[in-house]
Amino acid sequence: MLKFCAIFIFSLITACAPKIEEVPLPIEIADTFTIAGSEPLQTHWWLALQDPQLNQLIEQALAENFSLKAAYNRLEQAQITAQQSGAELIPSLTASFTGSQQYSNSGDSSPFSLGLTASYEVDLWGRIRANQQAAELDAQATVEDIKTAALSLSSEVAIAWYRLVEQRSQLNLLNRQIKTNQDNVQLVMSRFAGAQASAADLYQQQQTLEASRGDAYLVRSTIKVLENLLSILVGKTPTSIELPQKDYLPDLTEQPLTGLSSDLIQRRPDIRKAYYQVQSANQRVASAIADRFPKLSLSANVNTSSPDLQSLFNNWIATMAGNVILPIIDGGRRVAVVDINKAQAKEALNNYASTLQTAVKEVEDALIQEQEQQKYLLSLNKQYQLSQQATDQIRLRFIYGAIDFLRVLTTQISQQNLERQQITAKRQLIEYRLKLYRALAGGWDLKQEPPITEKENG
């Protein structure tokens, strides 16, 4: 047994452990982004919006969303798989015990036997360690998956929340427009009664009023759909939760600091996941190559038997053995496994490159979209001011009979559409900022409660 232990310890020392190599960037990326921003980027990005209702919803979603909980379950499975992959590095030991009671004329006897069997495959070429390291890297990739899921969830909650706020704001505006259109119908009816307006003028104004009512029905439907969506995102069944009341969109602060592209690569969990997957695939290539080399297995057995317990350990025998298995002909199976793993490693590397490109694109898209949306919103505001001035002048001339009602109606509809476009454009501007936060954001420790009051620097 001492000789077996010596062989075992020596094999552990001399076994090869494949090194996890660093993966260079597979593509060229510019050092900086086209727009820099000025506000420090926060880890919990939604705090920059300074919206307590949104903070509450995201905090609840991160704690209770079932899809996020399922992601944690996947992590648990990956960690167990990694532990299982390393089990072969530890010798296996099995025990057997048998006993019986015999009766005869000459007397009774109770023979017993006890056996211990130890076996171990020496990881000479690092096959087992490579598999274990691949599984550990897969578990790390799953950790990044959870961070990505949490980021996506927080973004989905914010988008759904501000779409709900927008629709509430639209409904308030429509209610005001309906009231205005009702007043206009009464005005045209009075002029029609005095033969100062035609029946067509009256029908057109009534049609405009009914169109506003129809739009309000659609908005109410959208509000309910968004409320149901938010309920699911925060882990509740629709209609079982009372959502915060808010019907105005917030103003945005300055754009966040984008930093260097290298910062983004280190920060984004989906990029880190792709990186770990490349390393994992490389380890599986090493394992497949090592599987083509000879395998050395060691075993030891200790058996003892006796007719009674008192002398059981006085009668024992031990055996030790070593086996070398060398694959000679396998029809090319092991070579095919190596080639398959190499192809999978190339696929992982290309996916890593694609993830890098997508990440840079998402940042650049969000930057330019927000920049141009700001200009579009300013244009809408200017259009509305001009429309308001035109409406006042045209309405005054209509009262004095200088122009027909169609001109008034056209200007009125245009102004009401501009009011609705302004709300939609502001929500879209916020959504582009959400996309930018999401594109720049890294993960955080989900074991800790995210702060919802203090402003933090990233």
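Definitions and limits used
- Residues numbered from 1 in each chain as written.
- Predicted model: local features only at pLDDT ≥ 70, side-chain atom pairs only at ≥ 80, totals over all residues.
- Heavy atoms only, no water.
- Core = buried A, V, L, I, M, F, W, Y, C linked by side-chain atoms within 4.5 Å.
- Buried < 20%, exposed > 50% of the residue type's maximum accessible area, 1.4 Å probe, protein only.
- Helix = DSSP H or I, 4+ residues; strand = E, 2+ residues; numbered from the N terminus.
- Contact = heavy atoms within 4.5 Å.
- 1 Å grid on protein atoms, 1.4 Å probe; cavity = no way out; pocket = protein on both sides within 12 Å on 5 of 7 lines; lining within 4 Å.
- Points joined across faces, edges and corners; volume = space filled by probe spheres on them.
- Nonpolar A, V, L, I, M, F, W, Y, C, P; charged D, E, K, R; others polar.

Caption draft 1: Representation of the nonpolar core. Counting residues in hydrophobic clusters, the biggest one holds 81 residues, and the most contacted among them are Trp45, Leu54, Val157, Tyr162 and Tyr352. Within the residue set of this core, elements represented by two or more residues are α2 (52-64), α3 (66-85), α4 (127-193), α5 (199-233), α6 (261-267), α7 (269-290), α8 (333-399) and α9 (405-440). By residue number, the principal contributor to this core is α4, which donates 20 residues. Once residues lying within four places of it in the same chain are set aside, the contact partners of Leu54 are Trp46, Leu49, Val157, Ala158, Trp161 and Tyr162.

Caption draft 2: View of unusual backbone geometry. The backbone of Gln50 sits at a positive phi, close to 55 degrees, despite the residue not being glycine. Along the chain, the position of Gln50 falls in the loop between α1 (2-14) and α2. Judged by its relative accessible area of 55%, Gln50 falls in the exposed class. A positive phi is found at Thr239, a non-glycine position, where the angle reads about 75 degrees. Here Thr239 shows up in the loop between α5 and α6. On the basis of relative accessibility, which here comes to 70%, the residue Thr239 falls in the exposed class.

Caption draft 3: How the structure looks around empty space enclosed by the protein. Applying the stated rule across the entire model yields 2 cavities of 30 Å³ or more. Size it by volume and the largest cavity reaches roughly 60 Å³. In terms of lining residues, the largest cavity is bounded by Glu121, Val122, Asp123, Leu124, Trp125, Arg127, Ala290, Phe293, Pro294, Lys295 and Leu296. For the lining of the largest cavity, the elements supplying multiple residues, two or more each, are β4 (112-122) and β5 (295-306). Class assignment for the residues of the lining of the largest cavity results in 7 nonpolar, no polar and 4 charged. Estimated volume of the second largest cavity: approximately 50 Å³.

Caption draft 4: Broad picture of the layout of surface pockets. The volume enclosed by the largest pocket comes to roughly 240 Å³. For the largest pocket, the lining is made up of 15 residues, of which Thr180, Thr391, Gln412, Gln415 and Gln416 are closest to its centre. Those elements giving two or more residues to the lining of the largest pocket turn out to be α4, α8 and α9.

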